[in-house]
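Residue-level structure breakdown
Next come the chains, spelled out residue by residue.
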Amino acid sequence: MQQDIRTNWTIEEIKEIYNAPLLELIFRAASLHRKYNDTAEVQVCTLLSIKTGGCSEDCAYCPQAARYDTGIGVQALMKKEEVLSYAQKAKDAGSTRFCMGAAWREVRDNKDFDRVLDMVKGVNELGMEVCCTLGMLTEEQARKLADAGLHAYNHNLDTSSEHYSEIITTRTYEDRLKTLDNVRKAGVTVCCGGIIGLGETHEDRIKMLHTLSTMQKHPDSVPINALVPIKGTPLEHNRKVDIWDMVRMIATARILMPATMVRLSAGRTDMSVAEQALCFMAGANSIFAGDKLLTTPNPSFDEDNAMFELLGLKPRVAFKEEKQYLHEMIEA
Ligand code: SAM
Ligand code: DTB
Ligand code: SF4
């Protein structure tokens, strides 16, 4: 079994996989998906923007960057009680992971961070997997989050290291990798992926997948976002992502990282149920649910429930791996 999970992929090997005839690629990805995961199971994560807009970074895709006129106002950090009531609603709607996002360049050691730590504790106590995406972190901050009960940290590479400076100039690829390293060291699971549709080449996509799949340990989850073009950002006129590109990206990620959660992330409002079904077939096993991502629309819980029913999918329970491990310990 072990030889499928490799961290020594070469660019040439990845190129060959990515460029395989489409149906061949989907078949191969689906076979590995079946071998390593319960293919009927999809992790349902809910996102909440706990601090919106006014970000100092220049990420060319982002509605929350202060320097672009996108019509997104600045909202201060939410109150803990308000966040917990959103989390409870998400849990009641069947979501098992709750991800809190802040439009910060980096975490600072101040009262706001203390409040986020309290939110993490609170959501954890609800029995949900807690995830945060707060920008850059030091190792100490990562440890504080871990101590508060953080399960996962989302920090995307977004694109290849070569294309990075075309998209973001206010931080480096190295900065991103350093934060990911700090997250790993603190024992928090890593959620790291990217966006397609930024004007990158196929080569850039292959290189990003290479960086992800050759990390010392594969990310525990890999979100694949399709660019949601935002009026006022430099990428507002970018062409809509082709569904076949999304499928190719998901299938390649699944083959390279067979046991990782591959998340069909931003861009679902533009996809039909049939198109999303292809993505699940190609190995996607997680989605963001709820009618809003951070600031842009997403399919409603009702639409997703209907899709799950139609496709015979079921939501994955929270902390599945930990529960399995405990069960095996008790059995032994
Ligand atoms: N500020 C933190 C950071 O940059 O890490 C956390 C929030 S940030 C909005 C999280 C991720 O959302 C980005 O890394 C990017 O991959 C994704 N994202 C932002 N705007 C997007 C868009 N218009 N389309 C698709 N994905 C987007
Ligand atoms: C990720 O990879 N995608 C999510 C989550 N991680 C934080 C964010 C998508 C944001 C899309 C634009 C918005 O709604 O503001
Ligand atoms: Fe948007 Fe995050 Fe970049 Fe800020 S750091 S502009 S919130 S993607």
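Attention in this report is confined to the structure presented alongside it. (Residues numbered from 1 in each chain as written. Chains lettered and ligands numbered in written order. Predicted model: local features only at pLDDT ≥ 70, side-chain atom pairs only at ≥ 80, totals over all residues. Heavy atoms only, no water.)

Brief notes about the site of ligand 1
Rules: The nearness test applies per residue and asks whether one of its heavy atoms lies within 4 Å of the molecule or strand. N or O atoms closer than or at 3.5 Å make up a polar contact, with two conditions inside protein: a donor-capable atom paired with an acceptor-capable one, and, for residues adjacent in sequence, both atoms drawn from side chains. For the area figures, the Shrake-Rupley method with a 1.4 Å probe applies, and any residue is considered shielded solely by the protein chains shown.
Thr-133, Asn-156, Asp-158, Arg-176 and Val-228 are the nearest of the 18 residues found near ligand 1. Here a nitrogen atom of ligand 1 sits 3.3 Å away from a polar atom, N or O, in the main chain of Ala-102. In the model, a nitrogen atom of ligand 1 is placed 3.0 Å from a nitrogen or oxygen of the Val-228 main chain. For ligand 1, whose accessible area on its own is 560 Å², the fraction buried by protein is 91%.

A closer look at the packing of aromatic side chains
Given two aromatic rings, one states the distance between the centres and the angle between the planes to describe the pair. Heads up, the condition is: Stacked, tilted and edge-to-face are the three classes applied to pairs of Phe, Tyr and Trp rings, where Trp contributes its six-membered ring and a pair requires centres within 6.5 Å; stacked means planes under 30 degrees apart, edge-to-face means over 60, and tilted covers the rest. The rule is simple: take the accessible area with a 1.4 Å probe, protein chains only, and divide by the maximum for that residue type; under 20% is buried, over 50% is exposed, in between is partly exposed. For a ring to carry a charge above it, either NZ of a lysine or CZ of an arginine must fall within 6 Å of the ring centroid while also lying within 35 degrees of the normal to the ring plane.
Within the structure shown, the criterion is met by one aromatic pair. With a centroid separation of 5.1 Å and 70 degrees between ring planes, the pair formed by Tyr-164 and Tyr-173 is classed as edge-to-face. Tyr-164 gets classed as buried once you look at its relative accessible area, which sits at 3%. Positioned above the aromatic ring of Tyr-86 is the side chain of Lys-89, whose terminal nitrogen or guanidinium carbon lies 5.5 Å from the ring centre. A cation sits over an aromatic face here: Arg-263 above Phe-288, 5.1 Å from the ring centre.

Notes on the pattern of salt bridges
We count it as follows: Whenever Lys or Arg places a side-chain nitrogen within 4 Å of a carboxyl oxygen from Asp or Glu, that contact is recorded as a salt bridge. A run of H or I in DSSP counts as a helix once it spans at least four residues, and a run of E counts as a strand once it spans at least two, with each numbered from the N terminus.
For the structure shown, the criterion picks out 22 salt bridges. Across the salt bridge formed by Arg-105 and Glu-57, the nearest N and O atoms sit 2.7 Å from each other. Pair noted here: Arg-105 is in the loop between β2 (97–102) and α4 (111–125) and Glu-57 is in the loop between β1 (41–51) and α3 (80–92), with a separation of 48 residues, a long-range link. For Arg-105, a relative accessible area of 25% gives the class partly exposed. Residue Glu-57 is classed as buried on the basis of its relative accessible area of 2%. The partner of Glu-57 in a salt bridge is Arg-171, with the nearest N and O atoms 2.7 Å apart. Placement of the pair is Glu-57 in the loop between β1 and α3 and Arg-171 in the loop between α6 (161–167) and α7 (173–185), with a sequence separation of 114 residues.

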